[in-house]
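Inside the fold
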Amino acid sequence: MRVKDKVAIVTGGAQGIGEGIAVRLAEEGAKVAIVDLQLELANEVVNGLRTSGIEAIALQADTSKKTEVGTAVDEVMSHFGRIDILVNNAGYHRMAKVTEIEEETWDRILDINLKGYFLMIQAVVPHMEKQNYGKILNIASIVAHGGIANQAHYNSSKGGIISLTRTLALELVPFKINVNAISPGTVETAGNKRFLDRYRELVEKQIPVGRLAQPRDIANAVLFLVSDEAEYITGQCLSVCGGLSIGMAPAV
Ligand SMILES: NC(=O)c1ccc[n+]([C@@H]2O[C@H](COP(=O)([O-])OP(=O)(O)OC[C@H]3O[C@@H](n4cnc5c(N)ncnc54)[C@H](O)[C@@H]3O)[C@@H](O)[C@H]2O)c1
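The structure contained in this document is the topic of the report that follows. Since this is a predicted model, take the numbers as computed values, not measurements. (Residues numbered from 1 in each chain as written. Predicted model: local features only at pLDDT ≥ 70, side-chain atom pairs only at ≥ 80, totals over all residues.)

Describing the pairing of strand 1 (residues 7-11)
In terms of burial, strand 1 is largely enclosed, as five of its five residues are buried. Here strand 1 shows no split at all, with Val 7, Ile 9 and Thr 11 on one side and Ala 8 and Val 10 on the other all buried. The pairing of strand 1 with strand 2 (residues 31-36) spans five bridges and is parallel. Its bridge partner being in strand 2, Ala 8 is matched across the sheet by Val 32. With helix 1 (residues 16-27) bridging strand 1 and its parallel neighbour strand 2, the resulting β-α-β unit is right-handed. Here strand 1 runs beside strand 4 (residues 85-88); their pairing, made up of three bridges, is parallel. Across the sheet, Ala 8 pairs through a bridge with Ile 85, a residue of strand 4. (Buried ≥ 20, exposed ≤ 12 C-beta atoms within 10 Å, placed from the backbone. Helix = DSSP H or I, 4+ residues; strand = E, 2+ residues; numbered from the N terminus. Pairing = 2+ DSSP bridges. Right-handed = clockwise from strand over helix to strand, strands pointing away.)

Set out below in structure tokens:
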């Protein structure tokens, strides 16, 4: 058990990558709090965990809203009494040419994907500082390192996550809080369905390992980085992308 009895918050854990992370951490002994907009789906995940004897709770919150984040973190503290692991994963994706991005869409993406991560960290860090222990893992994307056209808002938010990770890793090192990021490649999730309906064949051909990622591929890397095995790793971003970040699969 690699995270036995650790208390983990996973944002956006009601489905997709976040659900995969919540389940994987729970399999390795963590107590899990899922914070998500979708309470019904989050409860389904939590009920599944509880039937396996795992302590888990679901909390409804919009991670881009400071008051909702504060209430959710208070609830985690009153239920579990500590917070060891924060996985910032809740995200929102849209595609549009730069000339067609609506201001509200730009704001919504930056609010959820970047400000939401900051708000969660700001609410959780005082508890981690008191414990002199904490693991923060931010889900970014390979588009933070090299762009895909027509999603300047999304890519900018993910680039910001890398800077946030590096800055906070330095700031929080005196409190034994590790801050790292993971950049997934293309993962098969409900949130990615529209993109995959259009580009699946093309994307699969480009990925060196020859397949899309599943949420568990990302969750396995998260598990390592939030475990004590990764104590000496901080401020880093690991691409979990089947090799896509270094190049494309050969054409023949
Ligand atoms: N799927 C991919 O290919 C891929 C690739 C790279 C990075 N990512 C990143 O991984 C993360 C998860 O992606 P996914 O594909 O599983 O997405 P998804 O859309 O399937 O799931 C996202 C979850 O986040 C929740 N959520 C969204 N906004 C929220 C908010 N404001 N407050 C609380 N909860 C909120 C949703 O309700 C949902 O349960 C995102 O940060 C995404 O940008 C995904």
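This is not the end of the story, as more comes after the structure.
Remarks on unusual backbone geometry
One non-glycine residue, Asn 132, lies in the positive phi region at around 55°. Tracing the chain through its elements places Asn 132 in the loop between helix 4 (103-131) and strand 5 (134-139). With phi around 55°, Lys 176 is a residue other than glycine that occupies positive phi space. With respect to the helices, strands and loops of the structure, Lys 176 is situated in the loop between helix 5 (152-172) and strand 6 (177-184).

A few points about the nonpolar core
By size, the foremost hydrophobic cluster in this structure holds 70 residues, and its most contacted members are Val 32, Ile 34, Ile 182 and Val 222. If you tally residues by element for this core, the top one is helix 4, at nine residues. Once residues within four sequence positions are removed from consideration, Val 222 is found in contact with Ile 21, Val 87, Leu 137 and Ile 182. (Core = buried A, V, L, I, M, F, W, Y, C linked by C-beta atoms within 7 Å. Contact = placed C-beta atoms within 7 Å.)

Describing the sheet that holds strand 4
Read from one edge to the other, the open sheet built from seven strands follows the order 3-2-1-4-5-6-7, with strand pairing classed as parallel. Single-partner strands in this sheet number two, and they are strand 3 (56-60) and strand 7 (237-240). On average, each strand axis in the sheet is inclined to that of its neighbour by 15°, with strand direction left out of account. Against the sheet, helix 1 contacts strand 1, strand 2, strand 3, strand 4, strand 5 and strand 6, and its axis sits at roughly 170° relative to strand 1. On the sheet, helix 2 (residues 39-51) packs against strand 2 and strand 3 and is oriented at approximately 175° with respect to strand 3. (Axes fitted to C-alpha atoms, helices over the stretch in contact; angles between N-to-C directions.)

Structural notes on the site of the ligand
Taken together, the neighbourhood of the ligand is formed by 29 residues, with Gly 12, Gly 16, Gly 91, Thr 189 and Gly 191 sitting nearest. Secondary structure elements with two or more residues in the shell around the ligand: helix 1 and helix 4. Considering every element that reaches the shell around the ligand, the biggest residue donor is helix 1, with three residues. Of the residues assigned to the shell around the ligand, the class counts are 10 nonpolar, 17 polar and two charged. (Near = placed C-beta within 6 Å. Nonpolar A, V, L, I, M, F, W, Y, C, P; charged D, E, K, R; others polar.)

Digging into the environment of Ala 22
Considering the arrangement of structural elements, one finds Ala 22 in helix 1. Under the C-beta neighbour-count criterion, Ala 22 is labelled buried, with 34 such atoms within 10 Å. With 51 residues separating them along the chain, Ala 22 and Val 73 place their C-alpha atoms 16 Å apart. Beyond its immediate chain neighbours, meaning those up to four positions away, Ala 22 contacts Val 10, Gly 13, Val 32, Ile 34 and Val 45.

Observations regarding the environment of Asp 5
Residue position: Asp 5 is located in the segment before strand 1. Here the alpha-carbon distance between Asp 5 and Lys 193, two residues 188 residues apart in the chain, equals 35 Å. Once residues lying within four places of it in the same chain are set aside, the contact partners of Asp 5 are Gly 29 and Lys 31.

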